[in-house]
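For reference, the chains in residue letters:
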Amino acid sequence: MSLLISRTRGLVSILAATLLILVPLHTSSAKADSNGNDTSLSVFTVNGTSVVDDQTVTLPPNTSSVDVVATPTDANATAVVTGNTGLVAGDNPLIVSVTAADGVTTKQHQVTLSVTPISSDSSLKTLKVNGVSVVDGEDVYLAPFTSSVVAVVETTDPGATYVLSGDQGLVDGNNAMVVVVTAPDGSTTTYNVNLNVALNTDTSLATFQVNGQNVDDGSVVNLDVHTTDVDVVVETTDPDASY
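Below: a short report on this structure.

Criteria and thresholds
Residues numbered from 1 in each chain as written. Predicted model: local features only at pLDDT ≥ 70, side-chain atom pairs only at ≥ 80, totals over all residues. Heavy atoms only, no water. Helix = DSSP H or I, 4+ residues; strand = E, 2+ residues; numbered from the N terminus. Buried < 20%, exposed > 50% of the residue type's maximum accessible area, 1.4 Å probe, protein only. Contact = heavy atoms within 4.5 Å. Areas by Shrake-Rupley, 256 points an atom, 1.4 Å probe, with all protein chains shown as cover. Core = buried A, V, L, I, M, F, W, Y, C linked by side-chain atoms within 4.5 Å. Pairing = 2+ DSSP bridges. Patch = residues over 30% accessible without salt bridge, like charges linked within 9 Å, V, L, I, M, F, W, Y side chains within 5 Å. Salt bridge = Lys/Arg side-chain N within 4 Å of Asp/Glu carboxyl O. Polar contact = N/O pair within 3.5 Å; in protein donor to acceptor, adjacent residues only side chain to side chain.

Digging into the overall build of the chain
- For the chain, the count of helices and strands is 1 helix and 19 strands.
- Taken over 243 residues, the chain has a buried fraction of 25%.
- Within the chain, counting contacts between residues at least 6 apart in sequence, those at least 24 apart form 53% of the total.
- Total accessible area on the chain stands at roughly 16000 Å², and carbon and sulfur atoms take up 53% of it.

Below, the structure is given as structure tokens:
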């Protein structure tokens, strides 16, 4: 405190002037800075998202590395990042080792990088033949002359692929329709459906002629006297039928 004494019109007035002294407020981190042992991080991000110690970060399949920003609170401290590359499916430790400015105090900040495993799902969500659901190994009976079917295939895992064969070019008897599903991890499963095309029982004739004239079953054909032979033309309706 200082005293200011002045004379004004014979009066002495004493003015007390208060001297303000500003004292800085020291936070715990500031103390740590002054001691040089601060190992905290002011910024800690993985792929642009802030993280904290012991957090688990879930990553998509096939992720092999992440971008990490680790900035010490104390500008004189140093940080070393390990575990941000060479990632494999499952849990991977990401460690940021901070050495304080005093060169002695250290701390490890760690998060877990969980890479989602590649799917091995090669199952089918939908398998239909001509609108009817079927399963692996099932027999499907088809009418004679069926040459193709409409197959609908949908994998359970959207990332899986499939190859369909045997749904076209059917012949009489058994035909194998095959669906090979490949999961995202490369594993495969084969599904078989037996397409049985019934044999044709058609014994009708498309053409039946005697001496150039069309005749029907049971018809009577009148021939000239002394006729010893006739010309007969026969064609079956089913080209696979015989006579």
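Brief notes about the side chain of Thr39
- Looking at the secondary structure, you find Thr39 in the loop between α1 (28-35) and β3 (41-46).
- Classification of Thr39 as buried rests on a relative accessible area of 11%.
- Residues in contact with Thr39, not counting those within four places in the same chain, are Val98, Ala100, Thr105, Thr106, Lys107 and His109.

A few points about the nonpolar core
- With 17 residues, the main nonpolar core has Leu127, Val129, Val193 and Leu195 as its most contacted residues.
- Mapped onto this core, the elements with two or more residues apiece are β10 (124-129), β12 (139-142), β15 (173-182) and β16 (188-197).
- Top element by residues in this core is β16. It accounts for 4 residues.
- Once residues within four sequence positions are removed from consideration, Val129 is found in contact with Val134, Val140, Val149, Val150, Met177, Val193 and Leu195.
- If you look at the next biggest cluster of nonpolar residues, it comprises 16 residues, including Val51, Leu59, Ala70 and Ala77.

Some remarks on the environment of Leu113
- Structurally, the position occupied by Leu113 is in strand β9 (residues 106-115).
- On the accessibility criterion, Leu113 (0% relative accessible area) is buried.
- For the pair Leu113 and Thr58, spaced 55 residues apart in sequence, the C-alpha separation works out to 6.2 Å.
- In contact with Leu113, not counting residues within four places along its chain, are Val46, Val57, Leu59, Val66, Gly83, Leu87, Gly90, Asp91, Asn92 and Leu94.

Here's the deal with the environment of Asn194
- On the secondary structure map, Asn194 appears in strand β16.
- Among the residues examined, Asn194 registers a relative accessible area of 23% and is labelled partly exposed.
- Linking Asn194 and Gly166, residues 28 residues apart in sequence, is a C-alpha distance of 9.5 Å.
- Excluding residues within four positions of it along the chain, Asn194 makes contact with Gly137, Glu138, Asp139, Val140, Asn174 and Asn175.

Concerning the sheet that holds strand β17 (residues 205-210)
- Across the sheet, 3 strands lie side by side as β18-β17-β19; this open sheet has antiparallel pairing. Lying at the two open borders of the sheet, with one neighbouring strand each, are β18 (213-214) and β19 (232-236).
- Of the pairings in the sheet, the one linking β17 to β19 comprises 5 bridges and is antiparallel in character. Along β19, the bridge assignment pairs Val210 with Val232.

A look at a nonpolar patch on the surface
- Together, Val221, Leu223, Val230 and Val232 make up a nonpolar patch on the protein surface, roughly 290 Å² of accessible area in all.
- Along the chain, Val221 falls in the loop between β18 and β19.
- Here Val221 falls in the partly exposed class, since its relative accessible area comes to 38%.

Remarks on the side chain of Thr155
- Relative to the helices and strands, Thr155 resides in strand β13 (residues 151-155).
- Among the polar contacts listed, one links the side chain of Thr155 to the backbone oxygen of Asp157, at a separation of 2.8 Å.
- Beyond its immediate stretch of four places on either side in the chain, Thr155 contacts Ser123, Leu124, Lys125, Ala160, Thr161, Tyr162 and Val181.

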